[in-house]
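Coordinate analysis (summary)
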Amino acid sequence: MKLFTTIILLGFIFLLPFLAVSQQNQSKGKIKGTLIDQTSKEPLPFATIGIYSEKDSLVGGGISDEEGKYTVDVPFGRFYALIEFMGFEAVKSDFFTLTREKSNHDLGEIGLSVTAADLNEVVVQGEKTIMELSLDKRIFNVGKDLANAGGNASDILMNLPSVAVDPDGNVSLRGSSNVRILIDGKPSGLVSFKGSSGLRQLPANMVERVEVITNPSARYEAEGMAGVINIILKKDSKQGFNGSFELIAGYPVNTGFTTNLNYRHNRINWFINYGLAYRRTPGISELYQEVYNEDGTTSILNQNNSSTVTGLNNNLRGGLDYYFNENSILTLSYLWRRSDAHRITDIRYEDYLNSFDDYLGYSLRRQDETEAEPNKEAIVNYKRTFAEKGHELTASFTYLNYWERSDQLFTENSFSAQGAAIPEDALIQTSLNDEYENQYLLQMDYVKPFATKGKIESGIRTSFREMKNDYLVQEQNETGDFVTLPGLDNIFLYNENILAAYGIVGNETGKWSYQGGLRAEYTDVETILVETNENNPRTYTNLFPSAHLTYNLTKENAFQLSYSKRVRRPVYNDLSPYVTFSDQRNFFSGNPDLDPEFTDAFELGHIKYFEKATLFSTVYFRNTVDKIERIRQVQDDGFSVTAPVNLTGEKSFGVEFSGDYRVKDWWKLDFNANFFHARIDASNIGQTELRKTYSWLFRQTSRFTFGEGWDIQVRANYEARQKTAQGVRKGIFFLDLSASKRILEDRGTLILNVTDVFNSRINRYIIEGFNFFTEGESQMIRRQTNLTFAYRIKQ
């Protein structure tokens, strides 16, 4: 297997230059000319020259040099040239013909006139809508959303239709937490060890847009039962220098600075993004638990937690685009992140027997944790577009490196019902945990049009992941020495190799369009516990078909029926047997014996464009087998362990509505409503009845635009009560409020936003088992007020 993937890698590297050169050698004709400023008569460097066929297909292009001269190679045929440069009126030439007999054409000297708007250097602000709807995906231009100012990537997702982020940072799509999160179309270290909660380290100002794909085609990796969320980071390619800056101050403490800079000169476009954030995040939680003992008594635990996390996050991303020509672009980028955090958590355990009248005593536990997380990513990407419109080759290589060290000290003291200390029950414990990850990803995609509107797509993808968790938990004994706790000293290794290939065929016939695809993925996963010599290898090959059928009644009214097969593979946190030790009575761990979860997803979507509105509606059904769910078990001593297990399955169906409507010129609203029903089959863990639940989510945003640069935005969110495999997650309502004022001749913006105005975003739940009842609530993200100043340079 390793030899096979090595051959693919070497073959790809060997063939890539020939693929690029072979197309260039087909060019037989040459076009040249000179560009000048019509007013000053000075040469106009770095303007864009596009050569188009009679059918308006781009067949070639180039950039003028510092003397305003250019040369473009194109195949023989009949063409016209389109000259474009930022701040100048575009110029279209007459048609001309290149043949073997006349292979060169001189367009001569062409003068470009400055646009009227740029005569006074008017600031151009993008007027993209917040939400762009289409049948296969929805695109959210997050920079237009005032609620994102001063926040992070997790806050952005929380504000998107169909997406929910619970108070602990876990992301779900249409009620399912099994969603694949990508950054710039690729995996990221931010969502590796920590899952989606790691997105809190990425400043919102570094994000350009977010794509939500609920039923992906075979082009996308099969991971993610509910779909794919793709976060696109900012990068510009306009000639010259442009950029933006942002300063943030907030309460609870949230201070930061971000900048996004671009400079394009001749064939090179440089870009750099930097974000610095210092935050202090308070959190609280409560838990009430009854454990039913064999002797008929009931042990009662009343637990209260309070925590403060102080964090310093650095994010630096830089790179360049090198234009061999307008059809051949090489992109190099490097991303470095570091997060340093200090966490203090205080826990109070109160114990009772049968009722609150029989008080047994209490314990106080403190967690003092220092955490460091450096993370880096390097990406090489090459894109080649050919003469035929839509004909392109893309290849990329990604390297991810992640490391985290957690150094924790736990102290616990117990007291009698009368408040007297119990010295013999005092505990001092330490936990040292080092986590490492290396990932290598190679991907190549090819698109070739055929007929009038058809196209064939194909690609290969191979990824290698090496992960290591070295953990050690010790406790101080009577002599003052630290001894290792049984079962809590080991090294967990996780090795994953995935090889994938896909093919897609699509075409249009009249009002119908179709797309069918097949993706094959070979997975080789091995987990090893070094100290105990436990080895668990597994390999499996799966086929993942996809199909999309679209019928366009008119340009403004269309239906789409789609199907895809998806998978959720157990990842590092699901498999690692390491037990979290911050809470002495409630432990969380993974399960090395976990199997993958498979889903068949069906959707029927409809989109309708109106003069002032857009309405998108979807009916969907998902059938999941071997559903992965975290199950809580409580032991006789009252201590609980929560770990993932495979349930028999789940069937869910629902209907979703999304849309926007411009009520007045100064008032625009958008909304999202999702109603769903799920039936969870947990018979394999002893539940004889299906867990049936009905639930719904609703989000509505109103944006008001007033005179003199004022904007106000109000967003209401509601997530209804939902049954889970073991209990109930109660409903959540919260409201966000934002206001902005454009200043400094519209180059600057002041934004004030308050998230969770009523401080009501609280995660409340009930979990029940045959010998216990647990009810709790947590609020790890509280009401936040931020004031942000943003300044734009030539944007």
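The next thing to look at is the overall build of the chain. A count of helical and extended segments in the chain gives three helices and 44 strands. In the chain, which comprises 795 residues, the share counted as buried stands at 51%. For the chain, the accessible area works out to roughly 35,900 Å², and carbon and sulfur atoms hold 56% of it.

This part is about the packing of aromatic side chains. Applying the stated criterion across every chain, the model contains 23 aromatic pairs. Residues Y322 and F324 carry aromatic rings whose centres are separated by 5.0 Å and whose planes lie at 80° to one another, so their mutual orientation is edge-to-face. Since its relative accessible area comes to 39%, F324 is described here as partly exposed. Between the aromatic rings of Y352 and F356, the centroid separation amounts to 4.7 Å while the plane-to-plane angle is 85°, which identifies the pairing as edge-to-face. Among the aromatic residues, those joined into a ring-pair cluster are Y288, Y352, F356 and Y359. A cation over a ring is seen here: K92 above Y80, with NZ or CZ 4.4 Å from the ring centre. Here the basic side chain of R761 rests over the ring of F734, its NZ or CZ set 5.2 Å away from the ring centre.

Side chains of E294, D295, D636 and D637 sit close together on the surface and give a patch of like negative charge. Here D637 shows up in the loop between strand 32 (628-634) and strand 33 (640-646). You can call D637 partly exposed: its relative accessible area is 48%.

Across a sheet, paired strands are connected by hydrogen bonds in the backbone, their directions being either parallel or antiparallel. The three strands lie next to each other as 29-33-32, forming an open sheet whose pairing is mixed. On the outer flanks of this sheet lie strand 29 (586-588) and strand 32, each paired with one strand and no other. Sheet twist, expressed as the average angle between the axes of neighbouring strands with direction ignored, equals 30°. Judged from the seven bridges that link them, strand 32 and strand 33 form a sheet pairing that is antiparallel. Following the sheet pairing, V634 is matched in strand 33 by S640.

A separate point is the side chain of E629. Here E629 shows up in strand 32. With residues near it in sequence (within four places) discarded, E629 still touches A643, P644, V645, L647 and A725.

Time to look at the nonpolar core. As a rule of thumb, nonpolar side chains are buried together in soluble globular proteins. Ranked by internal contacts, the top residues of the largest apolar core, which has 21 residues, are L35, I51, Y70, V74, I83 and L112. Elements represented by at least two residues in this core include exactly strand 1 (29-37), strand 2 (48-53), strand 4 (69-74), strand 5 (77-84), strand 7 (96-98) and strand 8 (104-112). Of all hydrophobic cores here, the second largest spans 20 residues; its members include F140, L160, I183 and I231.

Spatially, three strands are ordered 4-1-8 in an open sheet, and the strand pairing comes out mixed. Single-partner strands in this sheet number two, and they are strand 4 and strand 8. Pairs of neighbouring strands in the sheet enclose a mean axial angle of 20°, with direction left out of account.

This part covers the confidence of the model for the chain. Overall, the prediction assigns the chain a mean pLDDT of 84, with 86% of residues at 70 or greater. Scored below 50 in pLDDT, residues 9-27 makes 18 contacts in the model with residues more than four places away or belonging to other chains.

Moving on to the pairing of strand 37 (residues 710-719). In the case of a regular strand, side chains alternate between the two sheet surfaces. Alternating residues of strand 37 divide into D711, Q713, R715, N717 and E719, all buried, and W710, I712, V714, A716 and Y718, none buried. Across nine bridges, strand 36 (residues 691-705) lies against strand 37 in antiparallel orientation. In the strand pairing of strand 37, T701 is matched with R715. Here strand 36 folds back onto strand 37, and the loop between the two strands holds four residues, one of which, E708, carries a positive phi near 60°.

Moving on, we get to unusual backbone geometry. With an omega dihedral of -5°, the bond running from Y251 to P252 counts as a cis peptide bond. By the secondary structure assignment, P252 is in the loop between strand 16 (240-251) and strand 17 (254-265). A positive phi angle, close to 55°, is found at A451, a residue other than glycine. Among the secondary structure elements, A451 is positioned in the loop between strand 23 (427-450) and strand 24 (454-476).

Enumeration over the complete set of coordinates arrives at 30 salt bridges. In this structure, the salt-bridge partner of R585 is D351, at a minimum N-O distance of 2.6 Å. Of the two residues, R585 sits in the loop between helix 3 (572-575) and strand 29 while D351 sits in strand 20 (residues 328-353), which places them 234 residues apart along the sequence. D351 shares its class with R585; the two are buried.

Moving on, we get to a nonpolar patch on the surface. Judged by side-chain polarity, I456, V505, W512, Y514, L549, L553, F559, L561, L604 and V619 come together as a nonpolar surface patch covering roughly 860 Å² of accessible area. Among the elements of the structure, strand 26 (512-529), strand 27 (534-554) and strand 28 (557-568) are those that each provide at least two residues to the nonpolar patch. As for its placement among the helices and strands, L549 is situated in strand 27.

Okay, the environment of T97 next. As for its placement among the helices and strands, T97 is situated in strand 7. The exposure class of T97 is partly exposed, given its relative accessible area of 37%. Each C-alpha atom of the pair T97 and Y80 lies 8.8 Å from the other, and the pair is 17 residues apart in sequence. The residues touching T97, leaving out its near neighbours within four places in the chain, are G77, R78 and K102.

Calculation criteria
Residues numbered from 1 in each chain as written. Predicted model: local features only at pLDDT ≥ 70, side-chain atom pairs only at ≥ 80, totals over all residues. Heavy atoms only, no water. Helix = DSSP H or I, 4+ residues; strand = E, 2+ residues; numbered from the N terminus. Buried < 20%, exposed > 50% of the residue type's maximum accessible area, 1.4 Å probe, protein only. Areas by Shrake-Rupley, 256 points an atom, 1.4 Å probe, with all protein chains shown as cover. Phe/Tyr/Trp six-rings, centres within 6.5 Å; stacked < 30°, edge-to-face > 60°. Lys NZ or Arg CZ within 6 Å of the ring centre and 35° of its normal. Patch = residues over 30% accessible without salt bridge, like charges linked within 9 Å, V, L, I, M, F, W, Y side chains within 5 Å. Salt bridge = Lys/Arg side-chain N within 4 Å of Asp/Glu carboxyl O. Lys, Arg positive; Asp, Glu negative; His and termini not counted. Charge placed at Lys NZ, Arg CZ, Asp CG, Glu CD. Pairing = 2+ DSSP bridges. Axes fitted to C-alpha atoms, helices over the stretch in contact; angles between N-to-C directions. Contact = heavy atoms within 4.5 Å. Core = buried A, V, L, I, M, F, W, Y, C linked by side-chain atoms within 4.5 Å. pLDDT = per-residue confidence, 0-100.

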